[in-house]
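A look at the structure
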Amino acid sequence: MSASFNSAAMAAAMFVTAASAPIQRLHAQNPTDQTLSQIDAGVVEGRLDDAANAARRFDSVPSESSVRSLARLANSFSKKGDLPAAAEFFSLAIEHHNRIATGLDDGDLSLPLHLAAISVFVKNNDTERVVSSLSAVAKSSHQLRENQRAAITKIAFQTGRDSLSTGKAALAKDAYRVAEELCDKADVPTAKLGQAWATVVDGGDPMAAAKELGEFVDQYPNHPDAAQATAVCARCLRQAGHDGDADQVLTDLVARFPDSNSAAEIAIGYAGSEPDELPDFIRRWLVDQTEQNKHTRWSAEVAGLALRIASHEGRVDTAMTLTRYLAETDNTGQTVADLLDRMPADHTEPLAAYLISPPTGFDVTEAAREAAARWAGRNQKWNMLAMAAGSESIDRLSAGRTIAVERLFAESLMQIGKTSDAAKWWNHLVDQRDSTDFATLLRCAESEIATGNDTGLAGQRIALARAAAGPNSKMAATLVDLLEAELAIRKSRFDEARSLLENVVRGVEIDTELRGRAQWLIGETRYLQNQFADAIDAYRSVEGVAPDSSWVAASMVQAGKSFEQLGRTREAAVCYGNLLARFADSPHADSARRRMAAISPSQQPSNSRSIRR
């Protein structure tokens, strides 16, 4: 706590200087009072420690002389810069003053004493003593000069604020009472509000706090803090169990102060509610503020709540206004993520599509666009992402398009089978965006193997992925081995491919889906070499390696084709029949049906017995 207090310091100096002659005369008249003489002599001669020791030993009846001597000692310590000692002896002087017998002409002593003491107490951050002296000064306020009144008022307001901020409600209340008594008429509302805040901070009587705040708002409705006071009044009423009154106060707040921050804060309090659970006054306020174009000062959280209301009520234009605003202001992506997770599907998809692929000339923050793209990825909205990717120029960066968004574009194209288009994005991410994470490098290598004609480049992509995998990730190494095996197959280096694949199959700690794929690829190498009998054995082994994997159905189709290549159509039909019986919903079922239809009915089996394994 600090404040300018030149006038009080001047008063202290005048008080102490004027006191010196009377004190000397007084001591001359009371020669037995050796302690006061020792105090005064120590002050005059600069022996302050000796004077302090004498003062601490003083045990006589307090008198006007003792008050003045102690005050002079305190002032000397203050000039020396020893604030703790100055505060100690001003406090002792005040204690002596308070014990002086009645009948003393106090007007010439109390005011200058407390003015001098306040100056030290303020510098020493002794709030309790500051407030005590402020209250004493207020009792003699008629004697204050104008500059003194202004200085004391300033200290009273500052002490009130400091006390509130540290939770000292009683001290704050007393300080603001002094401020109200001494301040100009224009500052009275602030002093009254300070007293009401003190009652709130005290917390002991929420109804009393609500009453004070309500009276303040009624008396000063145009005060800058009237809206905030109204909001806190409602909170106090709710704490006191008067929910109905609290709701009415909030309704009044939104009606009387619609453009206030407090009104927006009330709306935020309902952010976790569903639209049909919101009070009518909140719904109306959100819509009206938007339609009056006053939403532009809102946080993204309030805008998101308003968007939910507008969408729920079918207000298309209002919803679009809020969507644009949210796209431009959500700098964390949290509001967009929450909205997309909570809104109905018929509302979320248009919002997500707008943010993922904003119209030309519309701005969107990186966080908002990325949040929408991640939501689409989590919910497998691959077509939505793929359409957005198709509308983009890879080489021209659009607003809010982060690396994460581009990865999701590439992944969506992979998921819907547009591997060639996906490869362009993966290559862009690696070559232009300098992505070095394993997942991106792996996908880039995979797409290059699937679509590229440059096996050398594919090998480079695999090498980058293997380096990013590191030596300690068995799963990552396995994924790279599978890609390297596929590249070896493309190069017709089948023995090399089988060696890699057999290592994967033997890895019992490896995910069974990957082991099943590896075993299936071993069958593919045999099939491509026209080694159909060996291919059948390899395909049959898939179910033993990974019985619950998706590769079991794929292996049945390929085993059937291998039997056909050997002219053993009845065994082929058994494979297809087993597949249809066990995996009718598999993506491979249609292929099995077509193959069975191509086989002569006389060659089809009469039952669906499985081929022995």
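The notes below deal with the structure included here. (Residues numbered from 1 in each chain as written. Predicted model: local features only at pLDDT ≥ 70, side-chain atom pairs only at ≥ 80, totals over all residues. Heavy atoms only, no water.)

**Remarks on the pattern of salt bridges**
Tallied over the entire structure, the rule returns 44 salt bridges. A salt bridge links R47 to D50; its shortest N-O distance comes to 3.1 Å. The class of D50 is partly exposed, set by a relative accessible area of 42%. Here K294 makes a salt bridge to D259, at a shortest N to O gap of 3.3 Å. Of the two residues, K294 is situated in the loop between α15 (280–291) and α16 (300–312) and D259 in the loop between α13 (243–256) and α14 (261–268); the sequence distance between them amounts to 35 residues. What makes K294 partly exposed here is its relative accessible area of 28%. (Salt bridge = Lys/Arg side-chain N within 4 Å of Asp/Glu carboxyl O. Buried < 20%, exposed > 50% of the residue type's maximum accessible area, 1.4 Å probe, protein only. Helix = DSSP H or I, 4+ residues; strand = E, 2+ residues; numbered from the N terminus.)

**Observations regarding the nonpolar core**
Counting residues in each nonpolar core, the largest one holds 151 residues, and the members touching the most others are L73, F90, L213, W285, L286, W298 and I356. Here the element with the most residues in this core is helix α6 (residues 107–123); it accounts for 10 residues. Once residues lying within four places of it in the same chain are set aside, the contact partners of W298 are W285, L286, Q289, T290, A303, A306, L322 and Y325. Formed by 42 residues, the second largest nonpolar core is a distinct cluster that contains A518, A538, V542 and A559. (Core = buried A, V, L, I, M, F, W, Y, C linked by side-chain atoms within 4.5 Å. Contact = heavy atoms within 4.5 Å.)

**So, the packing of helix α7 (residues 127–139) against helix α9 (residues 169–182)**
Closest axis-to-axis distance for the α7/α9 pair is 9 Å, and the angle between their directions is 30 degrees. As the angle between them shows, α7 and α9 are arranged roughly parallel. Considering the relative orientation of α7 and α9, their crossing is left-handed. Packed against α7, whose contacting residues are T127, E128, V131, L134, S135 and A138, the element α9 presents L171, D174, A175, V178 and E181 at the interface. Residues belonging to the contact of α7 with α9 are distributed by class as follows: six nonpolar, two polar and three charged. (Axes fitted to C-alpha atoms, helices over the stretch in contact; angles between N-to-C directions. Parallel < 35°, antiparallel > 145°, perpendicular 65-115°, else oblique. Left-handed = near helix turned anticlockwise from the far one by under 90°. Nonpolar A, V, L, I, M, F, W, Y, C, P; charged D, E, K, R; others polar.)

**Remarks on the packing of aromatic side chains**
Evaluated as defined, the whole model comprises eight aromatic pairs. On the numbers, 5.5 Å between centres and 45 degrees between planes, the contact of F216 with Y220 is tilted. The class of F216 is buried, set by a relative accessible area of 3%. Aromatic pair Y354 and F362: ring centres 5.9 Å apart, planes at 70 degrees, arrangement edge-to-face. Look at Y354 and you get buried, because its relative accessible area is 9%. According to the relative accessible area criterion, F362 is partly exposed, its value standing at 24%. A cation over an aromatic ring shows up here: R324 above the ring of F362, its NZ or CZ 3.8 Å from the ring centre. (Phe/Tyr/Trp six-rings, centres within 6.5 Å; stacked < 30°, edge-to-face > 60°. Lys NZ or Arg CZ within 6 Å of the ring centre and 35° of its normal.)

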